[in-house]
Amino acid sequence: MNKKIISRLSKVIFFIGVVLFLGIYNYDFLYQVGWKNYFLFNSFFTQQTISQSCGVLLYIARFLSLLFHYPLIGAISVAAVLTGMVALHEYLFDKRKSGFSFLPSILLTIVIGCGGWAIYARFEIGTFFALILGTIWCLISYLLYDKFLKGKNMAYVMLIVQLVLLPVLGVFSMLSIVMIAVEEYLEKKKGLLLLCYLLLPLGVAVGEIYVVSHFFYGESFVYALRMPLPDPYFTRMFVCSLCLLCCLIVSPLIKKIEIPVLDTFYRKFPFHSLVLLLCSFVLIYFVSFHETNYRSLMKLSRLCDEMKWREIVEQCKDIAHPTKGINAYRVIAQGNFGKECEKLFDVNMPLSPCSSPYKIEEIVYEADLTFYASFLAASYHQNMDNWVIYGESFRYLKNMTFISLLRGDDELAARYIYLMKQTSFLDDLADEYATYLNNKELLYKKYPICKKIKGNEVLQDVPQNVFANLAEYYLAYNRFNNDNLKRCVLAKLFVKDIKGALNDYLTYVKDKKDLYQYMSEAAVLYATQTNDDTYVKALQVNGNVVNKVVSCLREYYLLQQNKQTDTSELCRKYKGSYVLFYIMDTHKFQSIKE
Amino acid sequence: MNKIIKLTSTILTAFYMIACTSTVPAIFQETNDSLITYPDYQNITIPSNIMPLNFEVLNKGEKCIAQLTAANGETILSEGTNKTIQFSEKEWKKLLHNHAGEQLNVDVYLKDESQWKHFPSYQLIIAKDSIDKYVTYRWIEPSYESTGNIGIYQYDIENGGLKTLADNHLFKKDPSLGAYQTCMNCHNKQRNNPENSVFQFRAQGGGMLVTYNGETKVISTKVGDMEMPAIYERWHPSLPLIVFSNNTVRQMFGSRDPNKIEAFDWRSDILQYDIVKNEISYIIKTKGQSETYPIWSADGKYLYYCSSDTLFKIDKYKSMKYDLMRIPFDEQSMSWGAPERIYNASGNNKSVSKPQVSPDNQYIAMTISEYGAYHYTHIDSDVYLLNLTTHECKPIEALNSPQAEGYVTWSSNGRWLMVGSRKEDGSYARLYLSYFDTTGTAHKAFQLPHEDPLFDKNLLKNYNYPEFGTVDVKYTASDIYKILEDNAPVTPSFKGDVEKTDGNTGASIIKYE
């Protein structure tokens, strides 16, 4: 196989690899990126975006980020551009086809793969495409210089153009200059042009820093020179972006430097670039953010958008160490929709606290949780707070619109719909929402669940901050029908208020079949904790259930006594039972000794 | 060759000018349909120095033309692309200048399905009284999150220019959130003149930024036994004296509350800052009462404020009913007299807030709602006018709507009122101006104009705490940033001795030597 074919093959593999990595493996992440993006076709938005440093590049980048609304299309587009970039880089710098040309594209793939929680913080979503566009600009600038302007006076014009474009392209305009300066140096042209290329960027940098520090203010201006690089707070992305810049700067060196040993190696092993490529994908995987629970949460959030409750339940079942957010979606899917109630506690729950090291997780699920718990005002404010604190996004705009419609706040909904119509992605949804203005029956017809949500709103005014989780929201219901009662009882079981749950169950719930399994376990638990067997008798609890609960408690006690931390056997044995759920993370319960 | 190019370009230019000069359509149909525009500028009284009142026609159609005609036949015309009318600023200003005190006729033509129709004309009355050139306000989202993008801006009513006076993006990010953090507001100028002004910000090392005699200082206002820093600062009309209240504010979001957001004070007292002495001291400090929103009379002889029973239980916040009070002030001795109740709102089961004394000392404009002092979110909050001579208090219907009306303020000549109202959608406050004539009547309020008439429609922020300004604020956000960076807050001396207590109100009164 000749070098050319290997080169083409490696590009095809790279393209497929990036599509698989972004479009399949990171499908849910790209979906969330699409919803976290914000772009409107109006002069107000254009002016607002462009007026920031590097604004034009970010404006175009945000526009292109609309592609992420269709994650696979977004991934294919990114992969195609990155592959094209490889070809261009190879044409410019790496005629030996050493594989170095893959590096910028690999680094850009890693930057996207490192997005993780950053997209929920105040992170500029346009950064991903801005970096890609900036890199392309550097390569094209170099191409123009190398092929047409080298050694001519027009090279000075090029320099001026780059300087003029500094506010538009930020660091990439400077980078283009530096790349050409490196090239000039390597060509040993230590003349006026090189001097200009070296001194002018330096002068501009010093000048800008002076101007910024004396006449302007704010971080966005101070960092003008390094835009559109991600904030250093997002360390991994920032470091990878810096590596990208370094990689571009040294590219002209790669073109000139000749290392005979390497050349021999390339000749002997023509497949080296394929091997390097495969290693790179391993690197991409390990360096990118791939925490399991994060990925699950992204998926659950998408499924919740699509109202696929059964799939959420199925998804949650296989999660070994669910976090609060994952449990929240499970509760939304199960607890809020009666048919799945009986499986509420049938999940793999660890005996250690279900907590995520990432506090930011709350941003993902909280507004959904309060929405499906019928606390519409709270959900609206959570969406607005997220909008305010973490930046405007399609998701929050859509949510605020929908909640306003459901609350009957039509004038407010109309304001949001007006904005939604100015997007190229939400305009259809905006037209649909517009039909619900003053016509809630139509809304309920399209989204039957909304009637239930609206119907379950609390009647009294309750400050939103008194509630901590969905279960506690349920406890505040005051409009009881049998469905609500069941949820209320489940909620009490969820917060481990077994006496409250038993009382409600016995007094109010008419159809007692659904919850009997949990309630009988709860009755035994109550008896073990208080020596009061009233509920056991009232429910006529089967002896097998009593034995199950008692033996589970006893086994757990023994594990504690022996200071054994491995509870996997216990979890497996009592999977799906309430008693197992009850002892998890409960510190105050009375273990059975005898 | 050059001649040919010149000739061609001249012809093209002439053709372009002819093609682009709009005229009123020759053939049109009269229609009785109501003209619907955004913003609504029909049949209003406007100041002679205001910028063009551009608008969008919302009736169904493709394009439109608007023509303004003065009594002497002088006209200006604008053709709307996308049904948006934007008048030439130069022509508009000339027309208003030439016809101050007169009436303009506005004719709007709309093309729909290749046919022009003409709506019934409406009028714009140009008042001879001008309006203060500047408006300052805060932009903040209706959730009032201090970590969002908050800024204080100066808007030029004559040409739509916007200047950033303060911007919380100045301050460092909270690394755990990647978000900006600080709150700022409560800007005030001495007699609407920013030469002597004050504003409050709450970042670390923050305080009250006082600009006096061309010098700006950061004054720490959390001194003595003050629980919270100063808010609602007000300059004395002539003395270097700033009064303010010290409120422990709480915010709450209800699940069913139609007011959406609730704020209330756990406690609040009124203090003063003597700039010359660099001294903070209490004016009114009470245990059983909460005093807030101090405001000077135009002559500086009285300090008006709102007072209510103190809140002791969070769920009783609706029982807070504020009355309008005043306390006399003697400029010579710098001493305070006994507080007196000016308007007994609680007696009518109501509550007053944000009083503003007219520059002629004849009226107080204020908001009245069922309870509390934070009326900008209260649906039932309306603007009322209290006549200080007759003590008659009535709503200013021209300013009110079924939604919340909040901050109201006077122009320096007392002929214009500005109010923040949520009438558009119940959430996002917009600013409205109203002419207040010599008979004490307010005319139909109209929205603060922008060059792009859809500006406010696209803006997802509240206009908050508006104030008029007569001259340009000299400092910019970058100056503020530098002042905050370079200067540690000055801690004034604190004088907290209570001399006597008023028997009627329980207010503690302090006399100064």
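Rules and cut-offs
Residues numbered from 1 in each chain as written. Chains lettered and ligands numbered in written order. Predicted model: local features only at pLDDT ≥ 70, side-chain atom pairs only at ≥ 80, totals over all residues. Heavy atoms only, no water. Helix = DSSP H or I, 4+ residues; strand = E, 2+ residues; numbered from the N terminus. Contact = heavy atoms within 4.5 Å. Disulfide = S-S within 2.5 Å. Pairing = 2+ DSSP bridges. Axes fitted to C-alpha atoms, helices over the stretch in contact; angles between N-to-C directions. Phe/Tyr/Trp six-rings, centres within 6.5 Å; stacked < 30°, edge-to-face > 60°. Lys NZ or Arg CZ within 6 Å of the ring centre and 35° of its normal. Parallel < 35°, antiparallel > 145°, perpendicular 65-115°, else oblique. Left-handed = near helix turned anticlockwise from the far one by under 90°. Nonpolar A, V, L, I, M, F, W, Y, C, P; charged D, E, K, R; others polar. Buried < 20%, exposed > 50% of the residue type's maximum accessible area, 1.4 Å probe, protein only. Lys, Arg positive; Asp, Glu negative; His and termini not counted. Salt bridge = Lys/Arg side-chain N within 4 Å of Asp/Glu carboxyl O. Polar contact = N/O pair within 3.5 Å; in protein donor to acceptor, adjacent residues only side chain to side chain. Patch = residues over 30% accessible without salt bridge, like charges linked within 9 Å, V, L, I, M, F, W, Y side chains within 5 Å. Areas by Shrake-Rupley, 256 points an atom, 1.4 Å probe, with all protein chains shown as cover. pLDDT = per-residue confidence, 0-100. Arc of directions from axis to C-beta.

Caption draft 1: Region of interest: the environment of His187(B). Residues and elements named next belong to chain B. Within the secondary structure, His-187 sits in strand S16 (residues 184-190). Residues His-187 and Phe-201 lie 14 residues apart in sequence; the distance between their C-alpha atoms is 9.5 Å. Not counting the four nearest positions on each side in its chain, His-187 is found in contact with Thr-136, Tyr-137, Arg-138, Ile-152, Val-198, Phe-199, Asn-464, Tyr-465 and Glu-467.

Caption draft 2: Just the state of the cysteines, in detail. For the structure on display, the rule yields zero disulfides over all chains. Looking at the unpaired Cys247(A), the closest cysteine sulfur is the one in Cys246(A), lying at 8.5 Å.

Caption draft 3: Examining the sheet that holds strand S23 (residues 279-284) of chain B more closely. All names here are of chain B. Pairing in this open sheet of five strands is mixed, and the strands run S20-S21-S22-S23-S38 from one edge to the other. The sheet is open, and its two edges are formed by strand S20 (231-235) and strand S38 (493-495), each paired on a single side. Averaged over all neighbouring strand pairs, the angle between strand axes comes to 30 degrees, with direction disregarded.

Caption draft 4: Spatial organisation of the packing of aromatic side chains. What the rule picks out here adds up to 62 aromatic pairs over all chains. Ring geometry for Tyr137(B) and Trp139(B): centres 5.5 Å apart, planes at 45 degrees, overall tilted. Directly above the aromatic system of Trp35(A) lies the positively charged group of Lys398(A), at a separation of 5.0 Å from the ring centroid. One residue, Lys457(B), lies across the ring of Tyr418(A), its end atom 4.6 Å from the ring centre.

Caption draft 5: Spatial organisation of the packing of helix H19 (residues 361-372) of chain A against helix H20 (residues 376-390) of chain A. Residues and elements named next belong to chain A. The N-to-C vectors of H19 and H20 enclose an angle of 155 degrees; their axes lie 7 Å apart at closest approach. Classified by the interaxial angle, the pair formed by H19 and H20 is roughly antiparallel. Both H19 and H20 take part in a crossing whose hand is left-handed. Between H19 and H20, the contacting residues are Ile-363, Glu-366, Ala-367, Thr-370 and Phe-371 on the first element and Leu-376, Ala-378, Ser-379, Gln-382, Asn-383, Asn-386 and Tyr-390 on the second. Grouping the constituent residues of the contact of H19 with H20 by class yields six nonpolar, five polar and one charged.

Caption draft 6: Structural view of the side chain of Asp437(B). Residue and element names in this part refer to chain B. Of note, Asp-437 is situated in the loop between strand S35 (430-435) and strand S36 (446-447). Within the buried set, Asp-437 has no salt-bridge partner at all; the shortest N-O distance to an opposite charge, 6.2 Å, is to Arg-415. Polar contacts involving the side chain of Asp-437 include one to the side chain of Thr-439, which spans 2.6 Å. Reaching out from Asp-437, the side chain makes a polar contact with the side chain of His-443 at a distance of 2.9 Å.

Caption draft 7: Highlighting the sheet that holds strand S2 (residues 37-38) of chain B. Residues and elements named next belong to chain B. Taken together, three strands build an open sheet; the order of strands is S2-S4-S7 and the sheet is antiparallel. Of all strands in the sheet, those with a lone pairing partner are S2 and strand S7 (84-85), marking the two edges. When strand S4 (residues 55-57) meets S7, the two strands line up antiparallel, connected through two bridges. Opposite Phe-55, over in S7, you have Ile-85 as the bridge partner.

Caption draft 8: Structural view of unusual backbone geometry. For the bond from Tyr38(B) to Pro39(B), the omega torsion is -10 degrees, close enough to zero to count as cis. Structurally, Pro39(B) can be placed in the loop between S2 and strand S3 (44-47). Non-glycine residue Asn438(A) carries a positive phi angle of around 60 degrees. Assignment of secondary structure puts Asn438(A) in the loop between helix H23 (427-434) and helix H24 (440-446).

Caption draft 9: Representation of a nonpolar patch on the surface within the structure. Residue and element names in this part refer to chain A. Together, Val-12, Ile-16, Leu-20, Ile-24, Tyr-27, Leu-72 and Ile-76 line one region of the surface with nonpolar side chains, adding up to about 600 Å² of accessible area. Breaking the nonpolar patch down by element, the ones donating at least two residues are helix H1 (3-25) and helix H5 (71-93). Here the nonpolar patch gets four residues from one element, more than from any other, and that element is H1. Following the sequence through the fold, Val-12 ends up in helix H1.

Caption draft 10: Representation of the side chain of Asp156(B). All names here are of chain B. Mapped onto the fold, Asp-156 is located in strand S12 (residues 151-156). Judged by relative accessible area, which is 7%, Asp-156 ranks as buried. Looking at Asp-156, its side chain comes within polar contact range of the main-chain nitrogen of Glu-158, at 2.8 Å. A distance of 3.3 Å separates polar atoms of two side chains, one belonging to Asp-156 and the other to Asn-159.

Caption draft 11: A look at the confidence of the model for chain B. In the predicted model, chain B carries a mean pLDDT of 85, and the fraction of residues at 70 or more is 88%. Low confidence marks residues 508-513 of chain B, where pLDDT is under 50. Its contacts with residues over four positions away, or in another chain, come to 34 contacts.

Caption draft 12: Spotlight on helix H3 (residues 43-50) of chain A. Among the residues making up H3(A), those that are buried are Phe44(A), Phe45(A) and Thr49(A). The arc that holds every buried residue of H3(A), seen down its axis, measures 120 degrees, which confines them to one face. For H3(A), the elements touching its buried residues are helix H4 (55-64) of chain A together with helix H3 (455-458) of chain B. One side-chain oxygen of the residue at the start of H3(A) lies 3.0 Å from the amide nitrogen of Phe44(A), identifying that residue as Asn42(A).

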